[in-house]
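Structural overview for review
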Amino acid sequence: MFRAAVRLSVSGARSLTRPQLGLTAPLAQRCYAHGGKLESDEEFDARWVTYFNKADIDAWELRKGMNTLIGYDLVPEPKILEAALRACRRLNDLASAIRILEAVKDKSGPHKKIYPYLIQELRPTLDELGISTPEELGMD
């Protein structure tokens, strides 16, 4: 036991007296696209509209898609939200539809013009599907 302690202390002392090389690690670089081609705004929107327009989408896929979409640093376009709300209607899931509207309102943050614009653009769809906004339900 004593021999092991002496060996460790001697090797530790040697490392203190050894000259340090002037090497530094390169700065980490993030590659969000992982070397692939970058997606345009139109392709992004089309991908999400297609995702929510799947005929066999289930409640888990709807929530997973919305969680992923809300996790991005953007507010979804009205056409994506329309497809998501229609998926909620196909699933007969009013709670998810209202939660989507709440999430979009929260995602709009301090930009007070974004949420009213989205509601204005979604109004025909909301009326057609019979979905009330959180404000109409007194949840604001």
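Residues numbered from 1 in each chain as written. Predicted model: local features only at pLDDT ≥ 70, side-chain atom pairs only at ≥ 80, totals over all residues. Heavy atoms only, no water.

Under the annotation held in an unreviewed UniProt entry, the chain carries the name Cytochrome c oxidase subunit 5A, mitochondrial and is attributed to Oncorhynchus kisutch. Turning to the chain, the UniProt annotation filed under Subcellular location (unreviewed entry) states: "Mitochondrion inner membrane". Recorded in UniProt under Sequence similarities (unreviewed entry), the annotation for the chain is "Belongs to the cytochrome c oxidase subunit 5A family." (UniProt positions renumbered as here; feature names shortened; annotations may be inferred.)

Let's talk about the packing of helix α3 (residues 59–71) against helix α4 (residues 78–90)
Viewed as axis vectors pointing N to C, α3 and α4 meet at an angle of 155°, and their least axial separation amounts to 11 Å. Judged by the inter-axis angle, α3 sits roughly antiparallel to α4. At the point where α3 passes α4, the crossing takes the left-handed sense. For the pair α3 and α4, contact is made by Leu-62, Met-66 and Leu-69 and by Ile-80, Ala-84, Ala-87 and Cys-88, respectively. Here the contact of α3 with α4 is built from residues that sort into seven nonpolar, no polar and no charged. (Axes fitted to C-alpha atoms, helices over the stretch in contact; angles between N-to-C directions. Helix = DSSP H or I, 4+ residues; strand = E, 2+ residues; numbered from the N terminus. Parallel < 35°, antiparallel > 145°, perpendicular 65-115°, else oblique. Left-handed = near helix turned anticlockwise from the far one by under 90°. Contact = heavy atoms within 4.5 Å. Nonpolar A, V, L, I, M, F, W, Y, C, P; charged D, E, K, R; others polar.)

Thoughts on the side chain of Asp-45
Relative to the elements of secondary structure, Asp-45 occurs in helix α2 (residues 41–52). Ignoring sequence-local partners within four residues, the contact set of Asp-45 consists of Glu-77, Lys-79 and Ile-80.

Some thoughts on the packing of α2 against α4
Relative to each other, α2 and α4 sit at 5°, their axes nearing to 8 Å. Here α4 runs roughly parallel to α2, going by the angle between their axes. Facing Phe-44, Asp-45, Trp-48, Val-49 and Phe-52 of α2, the residues of α4 in contact are Lys-79, Ile-80, Ala-83, Ala-84, Ala-87 and Arg-90. Taken together, the residues that form the contact of α2 with α4 break down as eight nonpolar, no polar and three charged.

Regarding the packing of aromatic side chains
How two aromatic rings sit relative to each other is given by the distance of their centres and the angle of their planes. According to the stated counting rule, one finds six aromatic pairs in the structure shown. Here the aromatic rings of Trp-48 and Tyr-72 are separated by 6.3 Å at their centres, their planes lie at 70°, and the arrangement is edge-to-face. Of the two residues, Trp-48 sits in helix α2 while Tyr-72 sits in the loop between α3 and α4, which places them 24 residues apart along the sequence. The exposure class of Tyr-72 is partly exposed, given its relative accessible area of 29%. (Phe/Tyr/Trp six-rings, centres within 6.5 Å; stacked < 30°, edge-to-face > 60°. Buried < 20%, exposed > 50% of the residue type's maximum accessible area, 1.4 Å probe, protein only.)

A word on the nonpolar core
Phe-52, Leu-69, Leu-85, Ile-100, Leu-101, Leu-126 and Ile-131 are the most contacted members of the largest nonpolar core, which totals 25 residues. When residues of this core are traced back to their parent elements, those giving at least two are α2, α3, α4, α5 (94–108) and α6 (114–129). At seven residues, the largest contribution of residues to this core is made by α4. (Core = buried A, V, L, I, M, F, W, Y, C linked by side-chain atoms within 4.5 Å.)

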